[in-house]
Amino acid sequence: MKSTNVANVSPDNALYVEQRELRRLQRGQVDSPNHSTLKAAAAFTKVGKGRLGYVGDVNGEIPTTAVVIAMCFHTSSRPPVAPGTGVPDQTTRNLSSPADDQKPSILIISFQELSDRDHYAQLYRAIRQHASVTQVWDRRATLRALSLSSPSFSGVLVTDGAIAEPEHSELASRLAECTRAGTRVVLGVDVGCFISPSNMPALFSKWGLRWDRGDYGRTNLTLNPAGLPSPLREAALFPSVSAKALHVKNVRREHAVYVPGPDGWGSGADESPAVFARVGNGYLGYVGDVNGEQQLIRLLIEMLGITIKPGDMGPRMVTESVSYSGGVQTDRRVAVEEEIPLPPQRRARAAEVQTRAAHRARMRQQKKARADRLKEEGNMSFRDQNWLQAAEKYKAAALITGPDPLYLSNLAAALLKLKLWEAADSAASCALLQDPGNVKALYRRAVARKELSRFKAAEEDLMRLLLLDRSNLSARSELDVVRRMKHTERNFDWPGDEDLSDVLSPLYDGPIALEEESDSEDYQHAGNGTPCKSYNHHGCSKGKGCRFRHAPDWKSVRDNLGRNVCIYWLLGTCRYGDERCIYAHDDTYLPKAGWWTNTRRLDRLRQQFSDAVEKSPRHGLTEHILAESLKPMDWRKDVWAFQDYAEAAEIQRQFEELDETDSFVIAQTMADDLRYVANIGGLTAVASYAAEQESQDEEVEYVGYMEEVEPW
Ligand SMILES: [Zn+2]
Ligand SMILES: [Zn+2]
């Protein structure tokens, strides 16, 4: 190639050299005996964490284009090579060594070596084994190590509190800069012992944090039940530890790694002895432990981004007792303390998840095939105007697969023909919960509600329908009818019918998911109603014989292993740690997203709660957000699901033949065991009638929040 070469290139950095340069090198004709350099047409060298490349080619040869590309994408194990050309192996090796790049480089800053080195032997042993370590002892060396021209460190461990002294302010600022650029800066070891509390706010403010001196003392700690600050891994840490430490306060919940446990000392809800926060592209960690607990040494290692294996920390020597006589140490007993192993990991259950998923998929397919056949038969009956048979076929289909909006919308049509208005309303509502934009279901529910004299609700449905389908003529004329009747007839609106407008609002946040019904023994096992802690944690061996509940409930979400995961934990409000909570605190086998990750929806639920409290203020009301999904234990209580259509249609027929007085008695009988399910703004409201002749109390129970509503 024709090129402008560069001289003084070390052979390690030369990519292309002239043949005669090579021969010169082989013959030992070098510039100086201990500093052999070459003239190279292309060179590549490591500078800090980055690379500098030079290609002197002036004609854009294809082979040199490949070299330029290889330089740009140097992290790939081997650069692309143009056909018929070869980048020498040696240069490939020079380009990058991934193993080296992945090994963390750690800077340890210790101005005063205070701690008993033996005591922290495990920390230094583990770090040195898995990282390349630079240690500095004074300010100048530290500034040099952190200067812009030096290679940057993936982690910096500061082992004493001197960093907080005003004289080191410049240094602390530089550390904060490094953090923002991507370094993990961790304050630990002797920091908790020797930091001046009054210097703490100024120190942490360099990272934009409001952390300040908190309580000091021994306390039982548990991992933050609201979840660990990312990217710390729960599996690398102990779930709990007792430690004497200097806490920091003004800690945001998501920055706490350990918090005082339920039985622990410590008052402030915003205090923690071990915190970790993302700052810019990096992280700042603080561990206030003063005794070097092994569990917290592991945390320091994890904060620095170092992964260790069992045994890497090894044993350490600890002083058991020291005796003095006349101020002179007479006896010192030391003991070997072995590495405390991490508690056994939850076994990886990926295979089990796969088997279960495959089984579920198979069952789903079989059920769908059976249900679709029934739906087809239902369609045939409908065409023959055999409404009762059609309704029963659609219902049977929906009972097999769960309430599929298509089956239910068809069912609602057949039920309207049978004049079973409540059942038609409930079928259409169930379809709309999952498919709020289902125009047919909206229309059918509107008709049912009109017949039930719920004109306000019927009007809402039709307006919603017309928003989706402006040209729907049947909806338009129905809306006229409903609006006329609203003024001329007696209204029997439900409480909450007037609140339906939120489905019209742009804030409406979508459908409710259907929980898949499982045919497993555990899914059906209700036990004594109290959730089985073993089942939700490591597995329950008692199966059907267990006293406790394995079935899903409202305070948990079912994961792919069938375990019930704590909603309070998912929402960050569980007061029990993993050890004590009866539900699982582990989202490994949950879908990545669900209603519990939908912040908009959660905000809306919370807003609804405060609105309800505001409307009827009462003491001691606590917000409880319950599982928001359509569960079989819920929809199986819908009118459409349990009603005997033939019987109900017969009563309806008699009802129409009777005069006003008689019809009232029959209506009461029907209401006796009638549970009515309605959709109110995405929540399910279950109303039960207490239909004794003398008392006509009605209760409304909001699933999601418990609230009494004025009799209406
Ligand atoms: Zn059990
Ligand atoms: Zn919990």
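Here the structure is shown first, and the text comes after it.
Computed from a predicted model, the values in this text were never measured in an experiment.

Focus on the coordination of the zinc ion (ligand 2)
Here comes step 1: Around the zinc ion (ligand 2), the protein contributes the donor atoms Cys 566 (SG), Cys 574 (SG), Cys 581 (SG) and His 585 (NE2), which lie 2.1 to 2.3 Å from the metal centre.
Here comes step 2: The coordination sphere of the zinc ion (ligand 2) comprises 4 donor atoms, whose angles at the metal cover 101 to 116 degrees; the geometry is tetrahedral.
Here comes step 3: For the zinc ion (ligand 2), the single-chain donor residues occur in sequence as C-x7-C-x6-C-x3-H.
Here comes step 4: For Cys 574, a relative accessible area of 6% translates into the label buried.

Considering the coordination of the zinc ion (ligand 1)
Here comes step 1: Around the zinc ion (ligand 1), the protein contributes the donor atoms Cys 532 (SG), Cys 540 (SG), Cys 546 (SG) and His 550 (NE2), at 2.1 to 2.4 Å from the metal centre.
Here comes step 2: Around the zinc ion (ligand 1), the 4 donor atoms sit at angles spanning 103 to 116 degrees, and that spread fits a shape best called tetrahedral.
Here comes step 3: Between consecutive donors of the zinc ion (ligand 1), the numbers of intervening residues give the motif C-x7-C-x5-C-x3-H.
Here comes step 4: A relative accessible area of 6% places Cys 546 in the buried class.

Describing the nonpolar core
Here comes step 1: With 49 residues, the main nonpolar core has Leu 408, Leu 411, Leu 415 and Trp 640 as its most contacted residues.
Here comes step 2: No other element matches the 9 residues that helix α14 (residues 421-434) contributes to this core.
Here comes step 3: By size, the runner-up hydrophobic cluster in this structure holds 38 residues, among which are Val 191, Met 200, Val 279 and Tyr 286.

With respect to the side chain of Arg 549
Here comes step 1: Along the chain, the position of Arg 549 falls in the loop between α19 (533-536) and β16 (556-558).
Here comes step 2: For the buried Arg 549, no salt bridge exists, and the shortest N-O distance to an oppositely charged side chain is 4.6 Å, to Asp 553.
Here comes step 3: Within the local environment of Arg 549, its side chain forms a polar contact with the backbone oxygen of Pro 552, the two atoms lying 2.7 Å apart.
Here comes step 4: Contact partners of Arg 549, with chain neighbours within four places excluded, come to His 525, Ala 526, Gly 527, Asn 528, Gly 529, Thr 530, Pro 531, Cys 532 and Met 633.

Some details on the sheet that holds strand β8 (residues 184-187)
Here comes step 1: Pairing in this open sheet of 9 strands is mixed, and the strands run β6-β5-β7-β8-β13-β12-β11-β9-β10 from one edge to the other. Lying at the two open borders of the sheet, with one neighbouring strand each, are β6 (132-136) and β10 (240-249). Ignoring strand direction, the axes of neighbouring strands in this sheet form an average angle of 25 degrees.
Here comes step 2: Pairing of strand β12 (residues 274-279) with strand β13 (residues 282-287), which is carried by 6 bridges, proceeds in the antiparallel orientation. Looking across to β13, one finds that Ala 274 is bridged to Val 287.
Here comes step 3: Strand contacts of helix α10 (residues 294-303): β7 (155-158), β8, β10, β11 (256-260), β12 and β13, with the helix running at about 165 degrees to β13, the strand carrying the most contacts.

Cut-offs and rules
- Residues numbered from 1 in each chain as written.
- Chains lettered and ligands numbered in written order.
- Predicted model: local features only at pLDDT ≥ 70, side-chain atom pairs only at ≥ 80, totals over all residues.
- Heavy atoms only, no water.
- Donors = N, O, S within 2.8 Å, 3.2 Å for Na, K, Ca; no water.
- Tetrahedral: all angles 85-135°; square planar, octahedral: opposite > 155°, others 65-115°.
- Buried < 20%, exposed > 50% of the residue type's maximum accessible area, 1.4 Å probe, protein only.
- Core = buried A, V, L, I, M, F, W, Y, C linked by side-chain atoms within 4.5 Å.
- Helix = DSSP H or I, 4+ residues; strand = E, 2+ residues; numbered from the N terminus.
- Lys, Arg positive; Asp, Glu negative; His and termini not counted.
- Salt bridge = Lys/Arg side-chain N within 4 Å of Asp/Glu carboxyl O.
- Polar contact = N/O pair within 3.5 Å; in protein donor to acceptor, adjacent residues only side chain to side chain.
- Contact = heavy atoms within 4.5 Å.
- Pairing = 2+ DSSP bridges.
- Axes fitted to C-alpha atoms, helices over the stretch in contact; angles between N-to-C directions.

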